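Descriptive analysis of the structure
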Amino acid sequence: MKTIQIFFVFTAALLCSISVSAQYGNNGYGNNGYGGGGYGSNNGRMSQMNQSRDIEKPKEIPVEVTVGKIMEKLKTELLLDQLQEIAITNVLIESIRSQGILLKAETGQEQKIKEIQALSEVTDRKVNEFLNEDQKIKYKALNEQSNKSRRKR
C-alpha cells in the first residue's frame, strides 16, 4: 500500500513539474527558456518597443534638401547669378546645421530661442554680403513675408 502511495505522489509531482516547465518553452532550458529569449524574457518586448519608437520618430530631412527648396525660391525672386547661388547655399547649409545642433542642445527653451535668433541675424548678414542693393531690398521683403506667415500659424 505504501508503494502505491509513493507511486501516485511521485507521478503527481512529475506531472506538475512538466506543466510548469512547459510554460517557459523548451522545458525551461536553452535560448527559449525562462532565462533566454522566451516567455520570461524582455527581448521580444524590447525589440517591439524599439520598432515602435523608430516608427514614431519622424525622419529628418537632409540639410541639402531644405537648402535646395530655399534656394529655388531665392533664385527666382532675387535673380541670383551662379556665384551668389553657391555662396548663399554654403551659408544656409552652415546655418541650418548649426540650428540643428542648437535645437538638440540641452539648454533651456528661452536660451535656445535667443541663440537661434542670433544665428538668424548672422545668417542674414552673411547672405546680404553677397547681394546687390536691389536684391537686399527683395531679400528683406521675403524675410518679412516669411515671418508674417510663421506668426499666423
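Reading the values: the criteria
- Residues numbered from 1 in each chain as written.
- Predicted model: local features only at pLDDT ≥ 70, side-chain atom pairs only at ≥ 80, totals over all residues.
- Heavy atoms only, no water.
- Helix = DSSP H or I, 4+ residues; strand = E, 2+ residues; numbered from the N terminus.
- Buried < 20%, exposed > 50% of the residue type's maximum accessible area, 1.4 Å probe, protein only.
- Contact = heavy atoms within 4.5 Å.
- Areas by Shrake-Rupley, 256 points an atom, 1.4 Å probe, with all protein chains shown as cover.
- Axes fitted to C-alpha atoms, helices over the stretch in contact; angles between N-to-C directions.
- Parallel < 35°, antiparallel > 145°, perpendicular 65-115°, else oblique.
- Left-handed = near helix turned anticlockwise from the far one by under 90°.
- Polar contact = N/O pair within 3.5 Å; in protein donor to acceptor, adjacent residues only side chain to side chain.
- Lys, Arg positive; Asp, Glu negative; His and termini not counted.
- Salt bridge = Lys/Arg side-chain N within 4 Å of Asp/Glu carboxyl O.
- Core = buried A, V, L, I, M, F, W, Y, C linked by side-chain atoms within 4.5 Å.

**A few points about the overall build of the protein chain**
The secondary structure content of the protein chain amounts to 6 helices and 0 strands. For the protein chain, the residues scored as buried account for 17% of the 153 residues in total. A separation of at least 24 residues holds for 44% of the contacts in the protein chain among residues at least 6 apart in sequence. As displayed, the protein chain has an accessible area near 12,400 Å², and 57% of this comes from carbon and sulfur atoms.

**Looking at the packing of helix 3 (residues 63-78) against helix 6 (residues 133-152)**
At a minimum axis distance of 10 Å, the contact between helix 3 and helix 6 shows a crossing angle of 135°. What the angle tells us is that helix 3 and helix 6 run oblique. Helix 6 is crossed by helix 3, and the crossing has right-handed handedness. Contacts between helix 3 and helix 6 involve Lys 73, Leu 74, Glu 77 and Leu 78 on the former and, on the latter, Gln 135, Lys 138, Tyr 139 and Leu 142.

**What to know about the side chain of Gln 135**
Among the secondary structure elements, Gln 135 is positioned in helix 6. Looking at Gln 135, the relative accessible area reads 5%, which means it is buried. Side-chain polar atoms of Gln 135 contact the side chain of Gln 84, separated by 2.8 Å. Dropping the residues within four chain positions of it, Gln 135 is found in contact with Leu 78, Leu 79, Leu 80, Gln 84 and Phe 130.

**Section: the side chain of Lys 112**
Residue placement: Lys 112 occurs in helix 5 (residues 109-129). One buried charged residue, Lys 112, remains without a salt bridge, the closest side chain of opposite sign being Glu 115 at 8.3 Å. When near neighbours in sequence (up to four residues on either side) are disregarded, Lys 112 contacts Leu 102, Leu 103, Ala 105 and Thr 107.

**Structural notes on the nonpolar core**
Ranked by size, the top nonpolar core spans 14 residues in total, and within it Met 71, Leu 74, Leu 78, Leu 80, Ile 88 and Leu 131 carry the most contacts. Broken down by element, this core gets its largest block of residues, 5 residues, from helix 3.

**Notes on the environment of Glu 72**
Note that Glu 72 resides in helix 3. On the basis of relative accessibility, which here comes to 46%, the residue Glu 72 falls in the partly exposed class. Separated by 13 residues in the primary sequence, Glu 72 and Glu 85 have C-alpha atoms spaced 9.7 Å apart.

**Some details on the environment of Val 63**
Tracing the backbone shows Val 63 in helix 3. Using a relative accessible area of 17% as the deciding quantity, one classes Val 63 as buried. Considered as a pair, Val 63 and Ile 93 are 30 residues apart in the sequence and their alpha carbons are 6.4 Å apart. Setting aside residues up to four positions removed in sequence, Val 63 forms contacts with Ile 93, Ile 96 and Arg 97.

It is worth stressing that arrangement in space is one thing and function is another; only the former is reported here.
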